[in-house]
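Overview (structure and organization)
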Amino acid sequence: MTRTAKNKRADIWMPLYIADYLADTTHLSTEEHGAYLLLLMHAWTNDGCLPTDDDRLRRITRMDAKAWKLSCKELKSFFFEQDGQLRHQRIDSELIKARGNVEQRSAAGKASAAKRKAERDAKRLAEQNKHENSNENATTVATDVQRDPERNGKPSPPPTPTTSLRSVVEREPRTHSGQRTAPDACQTTAPADMTPSPSHRAIAANLHLDLQNELGMFLANARSKAKLSADWNAEFEMWLRRSRNFGNGRDQQPAQAKQSRQDAIASACDTLGVGSQYLNPQGGQHALR
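Residues numbered from 1 in each chain as written. Predicted model: local features only at pLDDT ≥ 70, side-chain atom pairs only at ≥ 80, totals over all residues. Heavy atoms only, no water.

Our focus in this paragraph is the packing of aromatic side chains. Taken as a whole and assessed by the stated rule, the structure comprises six aromatic pairs. Aromatic pair Tyr-21 and Tyr-36: ring centres 5.9 Å apart, planes at 15°, arrangement stacked. Of this pair, Tyr-21 sits in helix α2 (residues 18-25) while Tyr-36 sits in helix α3 (residues 30-44), and the two are 15 residues apart along the sequence. Using a relative accessible area of 13% as the deciding quantity, one classes Tyr-21 as buried. (Phe/Tyr/Trp six-rings, centres within 6.5 Å; stacked < 30°, edge-to-face > 60°. Helix = DSSP H or I, 4+ residues; strand = E, 2+ residues; numbered from the N terminus. Buried < 20%, exposed > 50% of the residue type's maximum accessible area, 1.4 Å probe, protein only.)

Here we take up a nonpolar patch on the surface. Residues Leu-16, Ile-18 and Leu-22 make up a contiguous nonpolar surface patch of roughly 300 Å² in combined accessible area. Structurally, Ile-18 can be placed in helix α2. For Ile-18, a relative accessible area of 55% corresponds to the exposed category. (Patch = residues over 30% accessible without salt bridge, like charges linked within 9 Å, V, L, I, M, F, W, Y side chains within 5 Å. Areas by Shrake-Rupley, 256 points an atom, 1.4 Å probe, with all protein chains shown as cover. Salt bridge = Lys/Arg side-chain N within 4 Å of Asp/Glu carboxyl O.)

Turning to the side chain of His-88, a few remarks are in order. With respect to the element layout, His-88 can be found in the loop between β3 (85-87) and α6 (89-147). A polar contact is formed between the side chain of His-88 and the side chain of Tyr-36, at a distance of 3.0 Å. If we skip the residues at most four places from it in the chain, His-88 touches Tyr-36, Leu-40, Gly-48, Phe-78, Phe-79 and Phe-80. (Polar contact = N/O pair within 3.5 Å; in protein donor to acceptor, adjacent residues only side chain to side chain. Contact = heavy atoms within 4.5 Å.)

Let's shift gears to the environment of Met-194. Assignment of secondary structure puts Met-194 in the loop between α7 (165-168) and α8 (198-207). The exposure class of Met-194 is buried, given its relative accessible area of 9%. Along the chain, Met-194 and Leu-215 lie 21 residues apart, while their C-alpha atoms are 8.4 Å from each other. Other than its neighbours up to four places away in sequence, Met-194 contacts His-200, Leu-215, Phe-218, Leu-219, Trp-232, Asn-233 and Phe-236.

For helix α4 (residues 54-61), the set of buried residues is Leu-57, Arg-58, Ile-60 and Thr-61. Summarising the axial view, the buried residues of α4 lie within an arc of 160°, below the 170-degree limit, and thus occupy one face. In the core, the buried residues of α4 are packed alongside α3, β1 (49-50), α5 (65-76) and β3. One side-chain oxygen at the N-terminal end of α4 lies 3.4 Å from the backbone nitrogen of Asp-55; it belongs to Asp-53. (Arc of directions from axis to C-beta.)

We now examine the sheet that holds strand β2 (residues 80-82). Pairing between the strands of a sheet comes from backbone hydrogen bonds, and it takes one of two forms, parallel or antiparallel. An order of β1-β3-β2 is seen for the three strands of this open sheet, with the pairing classed as antiparallel. In this open sheet, the two edge strands, each paired with only one partner strand, are β1 and β2. Judged from the two bridges that link them, β1 and β3 form a sheet pairing that is antiparallel. Looking across to β3, one finds that Cys-49 is bridged to Arg-87. (Pairing = 2+ DSSP bridges.)

In this section: the nonpolar core. Tyr-36, Leu-39, Leu-50, Leu-57, Leu-75 and Phe-79 are the most contacted members of the largest nonpolar core, which has 24 residues in total. Those elements that provide at least two residues to this core are α3, α4, α5 and α6. Take this core: its biggest share by element is six residues, from α3. If we ignore the near neighbours within four places in the chain, the residues touching Leu-50 are Leu-39, His-42, Ala-43, Leu-57, Ile-60, Phe-79, Gln-85 and Leu-86. The next biggest cluster of nonpolar side chains, apart from the first, holds 15 residues, and it includes Met-194, Leu-209, Leu-211 and Leu-240. (Core = buried A, V, L, I, M, F, W, Y, C linked by side-chain atoms within 4.5 Å.)

Let's shift gears to unusual backbone geometry. Phi angles above zero are rare outside glycine, and Asp-47 is one such case at about 60°. Within the secondary structure, Asp-47 is located in the loop between α3 and β1. Judged by relative accessible area, Asp-47 falls into the partly exposed class, the value being 44%. One non-glycine residue with positive phi stands out, namely Ala-226, at about 50°. Along the chain, Ala-226 falls in the loop between α9 (211-224) and α10 (232-246). A relative accessible area of 60% means that Ala-226 is categorised as exposed.

Put into C-alpha cells, the structure is as follows:
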C-alpha cells in the first residue's frame, strides 16, 4: 500500500483516552484487558464492526476455549448488536471524527498543491517570456550585423550631419556700416590707386596722423597678407583709428610742417638771444615750452 493511500485512511491510528478506558474497565482481569483491547483494535480497522460468532471472537482475542467461555459474556457487554454485527459506540464516534480529519487534511493538501502548481506555472511562464525576449534581442542584433558586418553587433552610431551650419546658411557679407554687399565684393584686394576720402582726412587731422604715410603702410600690410575685403574705405578708417591706439601716429605731422615749426623756433631763439643748445637733440624740438 502506497504512502498516499495510507494517508487517506482513517483507521491507521486509534485514539485511546486512558482515563475513560480505565473508568470502564477496572473490573477486568489482566487477560480480559488484553482481549478487550484486541477486540477494539479489530473493530477500529474494520469500520467499527465485529462478528457475532463466538469462535471468531475467541480467535480475535487469542484466548483458549475455556478462558473465552469464562470471559465472553463480560467482554461482549461493551458492544451492541446491529445489522448482524457487533459495534462499539465510542469506536463509531471516533471513526467519524477521524474521517473528518482525513477529509480536512486532504482538502488542505489539495489546496496547497494547487497553489504550488500555480506558482510553478507562473515561474515557468516568466522564464519562457524572458527566454523569448532574449531570443528576440539576439535576433535583432544578428539582423544588425547582417546589415553592417563591420559593426560587430555594436549599436548603430547616431546620424552625423553631412553639411555644416555654415554651408546650410550662407552668411552674406556686410560693409562696415552694416549694409549687405554682393558676394563678389568680398573677393577684392586692396586697390593700388586708393585715395583717402574726406572722412579719412578728418580722422587723420583730428588724431594728428600723417595721412599719406598711414595709407602707404595700410596698403603694404594688406598686400603682404593677401587680405580681402568688401569695403576698403571702412578698413582704412579702422586702420587710422587703431594707429592712434598703437602709437603709430603720436603727434605725426608732415615733414614740411615739422620743418616750418623748427624754423620758427630757431628764429625765436635768435630774437631772444638764446643759443641752439636749448633745442631738443632727439627731435629737434626746442626745450622751452
